[in-house]
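One letter stands for each residue in the lines below.
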Amino acid sequence: MFDSNDERARVWVKEVGVPFRKKSQGKGIIISDFLFPGGQLCAPDWLPVGDLPDFSLSIESRLILRDDPYMATIKLEYGKNHWWQGEDLVHQVLRVAIPIFESAFPGCQGLFLFDNAPSHAAFAPDALLAKKMNLRPGGEQSILCPGIYSQLGYSYAQEMVDNMGVQKVLKRVLQEWRLWKHGLQVQCRKPGTDKLLKTYLLRGSQTCYTRSIMASQLEFQT
């Protein structure tokens, strides 16, 4: 990630006066690339340009740059609502990096390693994430995949939609799991959420965070 107003913390100046620094970071650009021991991942130069992988995004308002079709490098001018997201990385891996790797190393398998950047935390659209669930019916909510609920040594199939195909809300799933208590809120209003969660499970406290209860279930941790 680079900004047009990136500057060093220390600079050489004349005896009189100080440099005028801009307050904003200015325009920025994000570069997503793949490296291997030989340098940047790239296709062999003998490969025709027409056989090289193309890259396009569904969001046309963002300016995506790919200067060299032989390279797996992707550049994005970011700002406002234009950001590099996990879905973009998956798209780049499947549509650009893997085809280029297969052309450069035919018959080989590649092991791709990624740094721990928040934008690399991509989940499937129907992944079991408590933050995608509402406390009560209404509002926009994702359709989650089925799960498994374990209790007293037994495992039960847990459908996340009702008979009408509507996504179940937090309250209903917790009721089915016998974890619902009257007065639970979607978000804890007191500090120390983890401590309150343990108190709720052990002593039946009515003050807790429903998404924490849901996220603590094994099915939502895998």
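What counts, and at which threshold
Residues numbered from 1 in each chain as written. Predicted model: local features only at pLDDT ≥ 70, side-chain atom pairs only at ≥ 80, totals over all residues. Heavy atoms only, no water. Helix = DSSP H or I, 4+ residues; strand = E, 2+ residues; numbered from the N terminus. Buried < 20%, exposed > 50% of the residue type's maximum accessible area, 1.4 Å probe, protein only. Contact = heavy atoms within 4.5 Å. Areas by Shrake-Rupley, 256 points an atom, 1.4 Å probe, with all protein chains shown as cover. Salt bridge = Lys/Arg side-chain N within 4 Å of Asp/Glu carboxyl O. Core = buried A, V, L, I, M, F, W, Y, C linked by side-chain atoms within 4.5 Å. Pairing = 2+ DSSP bridges.

Asks: Provide a residue-level description of the overall build of the protein, including the pertinent values.
Replies: Looking only at helices and strands, one finds 5 helices and 8 strands in the protein. Along the protein, helices (α) and strands (β) appear in the sequence β-β-β-β-β-β-α-β-β-α-α-α-α when read from the amino end. For the protein, buried positions account for 30% of its 222 residues. The contacts of the protein with a sequence gap of at least 6 include a subset with a gap of at least 24, amounting to 52%. About 16,000 Å² of surface is accessible on the protein, with carbon and sulfur atoms providing 55% of the total.

Asks: Account for the pattern of salt bridges, naming residues and giving values.
Replies: Here the structure, examined in full by the defined rule, presents 2 salt bridges. In this structure, Lys 168 engages Glu 176 in a salt bridge whose closest nitrogen and oxygen atoms are separated by 3.0 Å. Taking the relative accessible area as the measure of exposure, Lys 168 reaches 9% and is therefore buried. Between Glu 176 and Arg 172 there is a salt bridge, with its nearest N and O atoms 3.2 Å apart. Taken together, the positions of Glu 176 and Arg 172, both in helix H2 (residues 170–176) and 4 residues apart, correspond to about one turn of that helix. Note on Glu 176: relative accessible area 35%, which makes it partly exposed. Among the ionic contacts, a cluster of salt bridges with common partners joins Lys 168, Arg 172 and Glu 176.

Asks: Just give me the short version of the nonpolar core, but keep the residues and values in it.
Replies: Among the nonpolar cores identified, the biggest contains 18 residues, and Phe 34, Leu 41, Ala 43, Ala 72, Trp 84 and Ile 100 are the most heavily contacted of them. Every element with two or more residues in this core is listed here: strand E6 (74–78) and helix H1 (86–104). With 6 residues, H1 is the largest single contributor of residues to this core. Excluding residues that lie within four positions of it along the chain, Ala 43 makes contacts with Leu 52, Tyr 70, Ile 100 and Ser 103.

Asks: Talk me through the pairing of strand E8 (residues 154–158); I want residue IDs and the actual numbers.
Replies: The sheet contact formed by strand E7 (residues 147–151) and E8 spans 5 bridges and is antiparallel. Each residue of the ladder has a partner; that of Gly 147, found in E8, is Gln 158. Between E7 and the antiparallel strand that follows it, E8, lie 2 residues; Leu 152 among them carries a positive phi value of about 55 degrees.

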